[in-house]
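# Topology and contacts: notes
Below are the chains, spelled out letter by letter.
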Amino acid sequence: METQSMLKGGEFLIRPVEYQDIFIPEEFGEEARMIAESCQDFLEAEIFPNLDRIDQQEDGLMATLLKKAGDLGLLGLSIPEQYGGFEQPFLNVMRANEALGAGYSYSVAIMAHTGIGTLPILYYGNDDQKARYIPKLTSGELMAAYCLTEPGAGSDANSGRTRAVLSDDGKHYILNGQKMWITNGGFADVQTVFAKIDNDRVLSAFIVERDWEGVTMNPEEKKMGIKGSSTRQIFYNDVKVPVENLLGKRGEGFRIALNILHLGRIKLGATVVGGAKRTIMHSVQYANERKQFGKAIAEFGAIKHKLAQQVVLTYATESAIYRASKDIQDNMGRLLAEGRPAGKAAIEGVAEYAVECALLKVFGSEALDYVVDEAVQIYGGMGFSSETPVDRAYRDSRINRIFEGTNEINRLLAVDTLLKKGMKNEFSLFEKAREACETKDQPLAVEGIPYFEEKQAIIKNLKKAILMLIPGISEAYGRKLAEEEEVLMNLSDMLMQLYTLESTMLRVQKIEHMNSQEDILVYRDILDVLTHETAMTVYSSGYAAIASFADEEQQKGLIQALYQLVASKPVNPKEARRRIADKLIEENRYCF
Ligand SMILES: Cc1cc2nc3c(=O)[nH]c(=O)nc-3n(C[C@H](O)[C@H](O)[C@H](O)COP(=O)(O)OP(=O)(O)OC[C@H]3O[C@@H](n4cnc5c(N)ncnc54)[C@H](O)[C@@H]3O)c2cc1C
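Residues numbered from 1 in each chain as written. Predicted model: local features only at pLDDT ≥ 70, side-chain atom pairs only at ≥ 80, totals over all residues.

### With respect to the site of the ligand
Lining the immediate environment of the ligand, one finds 22 residues, of which Leu 148, Gly 154, Ser 155, Trp 181 and Thr 406 sit closest. Breaking the shell around the ligand down by element, the ones donating at least two residues are strand S1 (144–147), strand S3 (172–183) and helix H13 (407–423). A breakdown of the residues in the shell around the ligand according to their chemical character gives 12 nonpolar, seven polar and three charged. Split by domain, the residues of the shell around the ligand number at least three in each of domain 2 (146–247) and domain 3 (262–408). (Near = placed C-beta within 6 Å. Helix = DSSP H or I, 4+ residues; strand = E, 2+ residues; numbered from the N terminus. Nonpolar A, V, L, I, M, F, W, Y, C, P; charged D, E, K, R; others polar. Domains from an automatic or database assignment.)

### A short note on helix H4 (residues 90–100)
Burial within H4 is extensive, with 11 of its 11 residues counted as buried. Looking only at H4, the buried set comprises Phe 90, Leu 91, Asn 92, Val 93, Met 94, Arg 95, Ala 96, Asn 97, Glu 98, Ala 99 and Leu 100. Each element contacted by the buried residues of H4 is listed here: helix H1 (30–47), helix H5 (104–117), helix H8 (253–289) and helix H9 (301–337). (Buried ≥ 20, exposed ≤ 12 C-beta atoms within 10 Å, placed from the backbone. Contact = placed C-beta atoms within 7 Å.)

### Notes on the domain arrangement of the chain
The domain boundaries assigned to the chain delineate domain 1 (11–143), domain 2 (146–247), domain 3 (262–408) and domain 4 (428–587). Using C-alpha coordinates to define each centre, domain 1 is positioned 17 Å away from domain 3. Contact residues are listed per partner, giving 25 residues for domain 1 and 26 residues for domain 3. Looking at the side of domain 1 that touches domain 3, the elements that each hand over two or more residues are H4, H5 and helix H6 (119–124). Class assignment of the residues belonging to the side of domain 1 that touches domain 3 gives a composition of 19 nonpolar, five polar and one charged.

### Quick word on the pairing of strand S4 (residues 190–197)
Look at any regular strand and the pattern is simple: side chains alternate between the two faces of the sheet. Summarising burial for S4: seven of the eight residues are buried, a large majority. Relative to S4, S1 runs parallel, the two being bridged by four bridges. Note that in S4 the partner of Ala 145 across the bridge is Gln 191. Strand direction decides the pairing type here: strand S2 (residues 163–166) and S4, joined by two bridges, are parallel. Opposite Ala 164, over in S4, you have Ile 197 as the bridge partner. Here S4 pairs with strand S5 (residues 204–209) via six bridges, running antiparallel. Within S5, the residue paired with Val 190 across the bridge is Glu 209. Between S4 and S5, which pair antiparallel one after the other, the connecting turn spans six residues, and Asp 198 there sits at a positive phi close to 50°. (Pairing = 2+ DSSP bridges.)

### What to know about the environment of Ala 296
By secondary structure assignment, the location of Ala 296 is in strand S10 (residues 295–296). Each C-alpha atom, one on Ala 296 and one on Leu 501, is 32 Å from the other, the two residues being 205 residues apart in sequence.

Set out below in structure tokens:
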């Protein structure tokens, strides 16, 4: 069922949302549950028993395990039936990604294959290209990679030097260049390679086969983590790419690359939830087993704090990811109904939510880093041992802040995209920002009202606190705003915290409406802790931004208003965290 009121991407900052308008994971149906179970069963049977062999990159093992996933249909979740898949709604695909996200290096390999590897061809390929490649990529007969990064072109991806020149007979593009950090590079048969034709200023995209003459590669990179994931440099020396293998139009490559990355980012947000839940399970089980000073370390307040915080961040990421995914799914459906071809509908459907995709990639990857870091701490000396599971989780998590666009680039992108949407009048961002400035000294009352009304009021105040900064920032920096990255980072930190808080609040409210029997108070504890933290972030990031852009006179008024806007009824975060931890400790597994 389509949610009531469709928010445009980024519009969450200016529009209130009701709990009826969002999707929460508790609403997943039987099909999604079965898919998630198949993924979990697959990890239990094929991946977890083989983690050491995978990390040692045993010859042919990763490719064999990907093929096994293909045999079970797990490579075809986004693929239409005509190409051998069983196309699932976007939300179900995300649920599968979450489940597979617990699979360490394997998760990276399967995500790269089914996501950035396969989707450029599925969404931008012509009928012939799709017919040639997609069925075999779906069955696992062929493996895929996405080749954008070069030694001199990382974050500045359009600056790549790989070149394609049309042959004299017009039948081939002759490809020359080098790609770096290519996931699945060691075994991918099919590569989407981004290169510039002649002296074009923007990239084009090509489908290249590994077996073609002139395609060579370096040995495996030696990495800090995800050691089982194949990562190679690939060289293209006078490779003859048939003209039929130009993907999309000439000069469309950069757009293809970026649009595929929006999808990669939101999917990464789901995979980190899977990884975090597994690591929390290990954390609590160890904390329950390990005894010091005559009792289980789970009984110590400092450990409870860590366990609870792991849960809060994971729960918040999960709430936000599925809320955004439903908006994306609805938008894809709407575009399809308007007559867009399926590939375009999928791409435009997600691109609308580029702001959310970028914010959630950052929030999720940093949440997972917290979870794995504190897992090592909970394990103490054993956390530093390669004999325990948290060692791998810790090393494998770090990459998430680097690939799919670094977290710095995603922070900048989120704010830049939001402001551009405002400038294009896609929604009334600047009007609301001016209003927020004018009424900044009139925060909504947040005391003496029912629980969820109070949370709604706090969130409205926090939105106003962020919005009121926009006119001052725009005025102070004008066209030079892009050079003021520190301030843009302040804004994105506030935005991501706000979006996850609002998503969590709406989820908890919906849970209470759906099921009054459930042990709901602990969800209020999660919400209270997150509310407290979001208010702190908005205050500290807002303060830093104001101190950067405003003159002395302006500063006084804004900081005073900020102080009032982040105020809320005091909660006791220590007691709230203890209750969250106690539930986790009692269940001895992630149970939220
Ligand atoms: C294990 C692994 C797997 C990967 N898989 C793939 C793959 O399959 N396909 C592929 O194409 N690529 C892949 N990558 C590449 C990855 O996407 C890049 O590493 C990433 O985009 C960053 O580029 P870079 O490493 O050149 O860092 P740089 O761009 O050199 O960045 C270095 C630092 O500077 C910061 N920085 C750069 N520009 C700015 C700016 N304008 N403002 C502020 N800070 C900035 C970055 O955030 C970062 O902190 C992979 C990388 C790794 C490590």
